[in-house]
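In case you want the letters, here they are:
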Amino acid sequence: MSSSISITKSKSKSKVLKRSVNLWFVVIVIGQFIFALYILDLYGVNGLAGDFERWNAASPHGYVEQDLWGNLFFGIHMALAAIITIGGPLQLMKKVRTKFPTFHRINGRIYIFTAFLISIAGLYLSWVRGMVGGLIGAIFITCNAALIMVCAFYAVRLAMNGKLASHRKWAIRLFLAVSGVWFFRVFLMLWLTIFQGPVGFDLETFQGPALNMIYTFSYIFPVLFVEFYFRAKESKHNKGQWTLSVFMWVLTACIAVGTFSATMGMWLPRM
Ligand code: HEM
């Protein structure tokens, strides 16, 4: 009797964790969809219309006259950004995976290939062309590029070896690493909303301790933190699942506020 009660309790707690993760994912899908629309509109529509000056609306190094290679790398980076931002969430949706396995396989190949290419193009932009945030910004985004490529490598290798359970874990890590630039924009806007201004960093140089913290929290932390989720999911201890669920509710609320601020303050005005 008592063991059947504890099984029911444990089931309801794993349901709580599942629900909190599902809600987190829904908020991320909506936010990344808005980000993808912004990329397609600002860089795609204006690029196709030949209005390359508009590329500088968000990035001072978007279009630079006489820099053919730099502009080409930037244009490729934007095209890949749209592909990866749309393709990532689709790849993790269980319904898409089970109902359309062929699509999952094709999209998976495109996603992995895009992950490598976008990182290489990003490294060129960071180190050859220079970026907002200077050396420190370049070091942090390089860590993100390295994580993306390591996760992509293991995700594809394990899929080819038929080790599907491990493949799924690496695919989730890859999604989180790829989402790093999106997390960065969302957490930055959350920070600006909370403090009503650039507290802890300099707006001119785009450097400071607050930014270093947001870089770490966006580019590196999600890939490490997911280990707690994998453990809590497999664990029989309810306490860990409850703690993680509460953390996920709070995180989701923060991401929702950051997404709203990024949409209203950063993406919509530039579309
Ligand atoms: C993997 C997913 C990525 C996406 C979706 C993405 C998306 C974008 C977007 C949309 C911009 C234009 C700025 C804006 O409108 O917000 C941009 C710029 C840039 N990205 Fe990425 N990016 C990704 C990964 C990377 C990586 C891994 C690196 C570096 C290794 C990188 C380096 C850069 C640089 C240097 C710029 C120019 C920023 C500047 O002018 O200061 N990106 N990216």
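Here the structure is a predicted model, which is why all the values come from computation and not from measurement.

Q: Please provide a residue-by-residue account of the site of the ligand, values included.
A: What surrounds the ligand is a group of 25 residues, the closest being Y38, Y43, S59, H77 and V132. In this structure, S59 approaches the ligand through a side-chain N or O atom, which is 2.4 Å from an oxygen atom. V132 has a polar backbone atom sitting 2.7 Å from an oxygen atom of the ligand. Within the residue set of the shell around the ligand, elements represented by two or more residues are α1 (2-48), α2 (68-92), α4 (101-129), α5 (134-160) and α7 (180-195). A per-class count over the shell around the ligand returns 17 nonpolar, seven polar and one charged.

Q: A description of α4 should follow, citing residues and the corresponding values.
A: Look at α4: 40 Å from first C-alpha to last across 29 residues, which is about the 42 Å you get at 1.5 Å a residue. Where α4 ends, the next residue or the one after it, G130, has phi of about 90 degrees, a positive value.

Q: Provide a residue-level description of the nonpolar core, including the pertinent values.
A: Core analysis: the biggest nonpolar cluster contains 64 residues, and W24, L174 and I255 have the highest contact counts within it. Every element with two or more residues in this core is listed here: α1, α2, α4, α5, α6 (164-178), α7, α8 (209-234) and α9 (238-267). Setting aside chain neighbours within four positions, we find W24 in contact with L176, F183, M248, L251, T252 and I255.

Q: Talk me through the coordination of the iron atom of the ligand; I want residue IDs and the actual numbers.
A: Of all protein atoms, H77 (NE2) alone acts as a donor to the iron atom of the ligand, lying 2.1 Å away. Mapped onto the elements of the fold, H77 is located in helix α2.

Q: A description of the packing of α6 against α7 should follow, citing residues and the corresponding values.
A: Geometrically, a packed helix pair is captured by the angle between its two axes and the distance between the axes. Two elements in contact, α6 and α7, have axes whose closest approach is 4 Å; the angle formed by their N-to-C orientations is 45 degrees. Classified by the angle between their axes, α6 and α7 sit oblique to one another. Between α6, through L176, A177 and V178, and α7, the contact on the second element is made entirely by G180, V181 and F183. Looking at side-chain class alone, the contact of α6 with α7 contains five nonpolar, one polar and no charged residues.

Q: Lay out the packing of α5 against α6 in plain terms, naming residues and giving numbers.
A: Orientation of α5 relative to α6, taken along the N-to-C sense of each, is 155 degrees, at an axis distance of 8 Å. Relative to α6, the element α5 is oriented roughly antiparallel. Here α5 runs over α6; the crossing is left-handed. Residues N144, L147, I148, V150, C151, A152, Y154, A155, L158 and A159 of α5 pack against S166, H167, W170, A171, R173, L174, A177 and V178 of α6. For the contact of α5 with α6, a count of residues per class yields 14 nonpolar, three polar and one charged.

Q: Tell me about a nonpolar patch on the surface, and name the residues and values.
A: Together, F33, L37, L40, I86, F260, M264, L268 and M271 give the surface a local cluster of nonpolar side chains, amounting to about 780 Å² of exposed area. Those elements giving two or more residues to the nonpolar patch turn out to be α1 and α9. The dominant element in the nonpolar patch, judged by the number of residues it contributes, is α1, at three residues. Relative to the assigned elements, F33 resides in helix α1. Looking at F33, the relative accessible area reads 54%, which means it is exposed.

Q: Give me the lowdown on the packing of aromatic side chains, citing residues and values where you can.
A: Enumeration over the complete set of coordinates arrives at 28 aromatic pairs. On the numbers, 4.0 Å between centres and 15 degrees between planes, the contact of F73 with Y124 is stacked. Linking F73 in helix α2 with Y124 in helix α4, this pair joins segments that are 51 residues apart in sequence. An aromatic cluster is defined as three or more aromatic residues linked by ring pairs; in this entry it consists of F35, Y38, Y43, F52, W55, Y63, F74 and W267. Taking NZ or CZ as reference, K169 lies 5.1 Å from the ring centre of F230, over its face. Stacked on the ring of W170, the Lys or Arg R173 has its end atom at 4.4 Å from the ring centre.

Q: Any chance you could break down the side chain of S119 for me, citing the residues and the numbers?
A: Structurally, S119 can be placed in helix α4. A distance of 2.7 Å separates the side chain of S119 from the backbone oxygen of A115, its partner in a polar contact. If we ignore the near neighbours within four places in the chain, the residues touching S119 are A145, I148 and M149.

Q: Explain the environment of V16 to me, using residue names and the numbers behind them.
A: Within the secondary structure, V16 sits in helix α1. For the pair V16 and Q241, spaced 225 residues apart in sequence, the C-alpha separation works out to 8.1 Å. Not counting residues up to four positions away in its chain, the partners in contact with V16 are W242 and S245.

Conventions we followed
- Residues numbered from 1 in each chain as written.
- Predicted model: local features only at pLDDT ≥ 70, side-chain atom pairs only at ≥ 80, totals over all residues.
- Heavy atoms only, no water.
- Near = heavy atom within 4 Å.
- Polar contact = N/O pair within 3.5 Å; in protein donor to acceptor, adjacent residues only side chain to side chain.
- Helix = DSSP H or I, 4+ residues; strand = E, 2+ residues; numbered from the N terminus.
- Nonpolar A, V, L, I, M, F, W, Y, C, P; charged D, E, K, R; others polar.
- Expected span 1.5 Å × (residues − 1).
- Core = buried A, V, L, I, M, F, W, Y, C linked by side-chain atoms within 4.5 Å.
- Buried < 20%, exposed > 50% of the residue type's maximum accessible area, 1.4 Å probe, protein only.
- Contact = heavy atoms within 4.5 Å.
- Donors = N, O, S within 2.8 Å, 3.2 Å for Na, K, Ca; no water.
- Axes fitted to C-alpha atoms, helices over the stretch in contact; angles between N-to-C directions.
- Parallel < 35°, antiparallel > 145°, perpendicular 65-115°, else oblique.
- Left-handed = near helix turned anticlockwise from the far one by under 90°.
- Patch = residues over 30% accessible without salt bridge, like charges linked within 9 Å, V, L, I, M, F, W, Y side chains within 5 Å.
- Areas by Shrake-Rupley, 256 points an atom, 1.4 Å probe, with all protein chains shown as cover.
- Salt bridge = Lys/Arg side-chain N within 4 Å of Asp/Glu carboxyl O.
- Phe/Tyr/Trp six-rings, centres within 6.5 Å; stacked < 30°, edge-to-face > 60°.
- Lys NZ or Arg CZ within 6 Å of the ring centre and 35° of its normal.

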